[in-house]
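A look at the structure
Letter by letter, the chains look like this.
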Amino acid sequence: MKILVINCGSSSLKFQLIDSDSEAVICKGLCERIGIEGSQIVYTPAGKDKITKVEPMPDHNRAIELVIEALTNAENGVVKLEEIGAVGHRIVHGGEKFTKSVIINDEVIKAIEDVSDLAPLHNPANLIGIRACQKVMPGVPMVAVFDTAFHQTMPQDAYLYGLPYSYYEKYGIRRYGFHGTSHSFVSKRAAEILGKDAKDLKMIVCHLGNGASLSAVDGGKCIDTSMGLTPLEGLIMGTRTGDIDPSVVEFIMKKENSSVADVTNLLNKKSGVFGLSDELSSDFRDLEAGYNDGHAGARRAVDTFVYRVVKYIGSYTAAMGGVDVICFTAGVGENSGFVRKLICDRLGFIGAKIDVEANKVRGEEKTISTADSKVTLLVVPTNEELAIARDTYALCK
Ligand code: ADP
C-alpha cells in the first residue's frame, strides 16, 4: 500500500509518500507560504531532481490538490491517485484522550478540536490538513498519529505540576510531552539493534534537534519526558528557554514594559542557545565553529545546553533506578559528535565511556560506547514519517 504522510502547519505542509512494503520514500516535499503571497511547492521524487513550482495557494485545500497533482501527474508523477491507500496525519496534541494512533472519524475530529486549547497554534492547523484531505480524497482512510501519545504512560508523579490539583481537573494542566513518535521509534529501534526485548531495558532517549527533549523509557514505556504542557519546558533548545522560574515572566514584563505575548515570544523564539550565544546562531554547526574559535557566546550557549542535558540524564537515571542505554537522535544528536562527546564526557558517574573513533559517525545507527562502558551509548536516526506510515498501515491494511 502507498501511504501519504502529512504534517500540516499553519502556513506549511510537509508530505511524504511511503511504500508500506519496502518502506521506501517514493516522493517527499513541502508546500510553503500557504495563504501568503509567494507560495510554492517543492518536492523530490525518489532518484530524481528537486522540482519547484511557484503556485498560488490561498488555502490548504489548494495545497493538498497540488500535492496530489505533483504525485499523480502524467509527466513526472510517481503514483496513480487510486493507489494511495491511506493518509497518516501528524497531530501535535492528543491530550489524555489519545494513547495511541487512531483511524480518523467524526468523533476523533471532535476530540482533536476539544484539546485544541492545549496547542492553539498546532492542532487547528492539523485539523485543516485532515479536512483538506477529506475533501480532495474522499473515501480514503486516514489515521491520526499524536506527538503526545507515547508519553501517556507517564505516572502521575511525573506528569503533575505542583499546582492546586483542581487546575489539573478543571483545565487539564499537566505535563504531556512531545516528540513522542520519535521517542517511541528510537527506543524500539534501539532494542532491535541490541537484539534485546525493550521490556528488559532502561533507556534514555535524547532527541536533540532545533526542538529538544529527553525521555526515560523503562521496560518499553515512557515514565518521564522533559517537555510539559507545551514544548517550552525542559532542555535549552535552539530558540526556546526550556525550564525557567515562571516569575521571570512578570519580572521581564515590568522591566521592559512588555506584554505576556511579547515575553512568550521571547521565551520561544529568541532564547535558548540562540539567545545565550548573543544571537550568534541557533544552529549547532555555527555554534561548534564559534566554540572552536573561542567565541564567548558560543561557549556559554553550548556549555549551558550540555549541562542541562547531563542534569536530565542524571535525574532520569535516578527516576528509573539505573540506565542501560542512552540514545542520541534528531539533527544534533545524529550529526554532532562534538555535542555528543561533551555530554558523554560528563557521564563517568554512571560508568558511561564514549568511543572517540566510533563517535565520528553522522546520521547512521552506531554504538558509540567502548566495550567496557557500563552504559551502551547509541546513535539512532529518527524517522517520524516512517513511524506515522507504519501506524497508518497497521490500522488500514
Ligand atoms: P527540528 O525537526 O526540531 O527542526 P532537526 O532535528 O532537523 O530539528 O535538527 C535541526 C538542527 O540540527 C539544526 O538546527 C542544527 O543545529 C542541527 N544539525 C544538523 N546537522 C548538523 C551537523 N552536521 N552538526 C551539528 N548540528 C547539526
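Worth saying up front: this structure is predicted, and the values here are computed from it rather than measured. (Residues numbered from 1 in each chain as written. Predicted model: local features only at pLDDT ≥ 70, side-chain atom pairs only at ≥ 80, totals over all residues. Heavy atoms only, no water.)

Within the secondary structure, Val-102 sits in strand β7 (residues 102-103). With 107 residues separating them in the primary sequence, Val-102 and Gly-209 have C-alpha atoms 27 Å apart. What Val-102 contacts, discounting residues up to four positions off in sequence, is Val-108, Met-142, Val-143, Ala-144, Phe-146 and Leu-395. (Helix = DSSP H or I, 4+ residues; strand = E, 2+ residues; numbered from the N terminus. Contact = heavy atoms within 4.5 Å.)

With that settled, the discussion passes to the pairing of strand β4 (residues 40-45). In this sheet, β4 lies alongside strand β3 (residues 25-32) in antiparallel orientation, the contact comprising six bridges. Its bridge partner lying in β4, Gly-29 is registered against Tyr-43. With four bridges joining them, β4 and strand β5 (residues 51-54) adopt antiparallel strand pairing. Across the sheet, the residue bridging to Gln-40 is Val-54, located in β5. (Pairing = 2+ DSSP bridges.)

Turning to the site of the ligand, a few remarks are in order. Close contacts around the ligand come from 13 residues, with Asn-210, Gly-211, Asp-283, Phe-284 and Gly-331 the closest. Within the backbone of Val-332, a nitrogen or oxygen atom sits 3.5 Å from an oxygen atom of the ligand. Coverage of the ligand by the protein chains reaches 69% of its 580 Å² of free accessible surface. Contributions of two or more residues to the shell around the ligand are made by α10 (284-292) and α12 (330-335). Tallying contributions element by element places α12 first for the shell around the ligand, with four residues. (Near = heavy atom within 4 Å. Polar contact = N/O pair within 3.5 Å; in protein donor to acceptor, adjacent residues only side chain to side chain. Areas by Shrake-Rupley, 256 points an atom, 1.4 Å probe, with all protein chains shown as cover.)

Here we come to the pattern of salt bridges. Side-chain pairs of opposite charge can arise whenever the charged atoms involved come near each other. For the structure on display, the rule yields 18 salt bridges. The salt bridge involving Asp-19 is made with Lys-2; its shortest N-O contact spans 3.5 Å. In this pair, Asp-19 sits in strand β2 (residues 13-19) while Lys-2 sits in strand β1 (residues 2-8), placing the two residues 17 residues apart along the sequence. Residue classification places Asp-19 among the buried positions, given a relative accessible area of 14%. Classification of Lys-2 as partly exposed rests on a relative accessible area of 21%. In this structure, Asp-114 engages Lys-110 in a salt bridge whose closest nitrogen and oxygen atoms are separated by 3.0 Å. Taken together, the positions of Asp-114 and Lys-110, both in helix α2 (residues 106-114) and four residues apart, correspond to about one turn of that helix. Via salt bridges that share partners, Arg-175, Asp-224 and Glu-233 belong to a single interconnected network. (Salt bridge = Lys/Arg side-chain N within 4 Å of Asp/Glu carboxyl O. Buried < 20%, exposed > 50% of the residue type's maximum accessible area, 1.4 Å probe, protein only.)

Glancing now at empty space enclosed by the protein. Taken as a whole and judged by the stated rule, the model has one cavity of 30 Å³ or more. Along the walls of the largest cavity sit Ile-41, Tyr-43, Lys-53, Glu-55, Leu-66, Glu-69, Ala-70 and Asn-73, which together make up its complete lining. Element by element, the count of residues in the lining of the largest cavity is highest for helix α1 (residues 60-72), at three residues. By residue class, the composition of the lining of the largest cavity is four nonpolar, one polar and three charged. (1 Å grid on protein atoms, 1.4 Å probe; cavity = no way out; pocket = protein on both sides within 12 Å on 5 of 7 lines; lining within 4 Å. Points joined across faces, edges and corners; volume = space filled by probe spheres on them. Nonpolar A, V, L, I, M, F, W, Y, C, P; charged D, E, K, R; others polar.)

Another aspect to go through is the nonpolar core. Ranked by internal contacts, the top residues of the largest apolar core, which has 46 residues, are Ile-204, Leu-208, Leu-214, Ile-313, Ile-326, Ile-343 and Leu-347. When contributions to this core are tallied by element, the ones reaching two or more residues are β9 (202-208), β10 (212-218), α10, α11 (296-320), β12 (325-329), α13 (337-344) and β14 (376-379). Per element, the largest residue contribution to this core is eleven residues, and it comes from α11. Membership of the second largest hydrophobic core comes to 40 residues, among which are Ala-63, Ile-84, Ile-112 and Met-137. (Core = buried A, V, L, I, M, F, W, Y, C linked by side-chain atoms within 4.5 Å.)

Treat this as a map of the structure, not an account of what it does.
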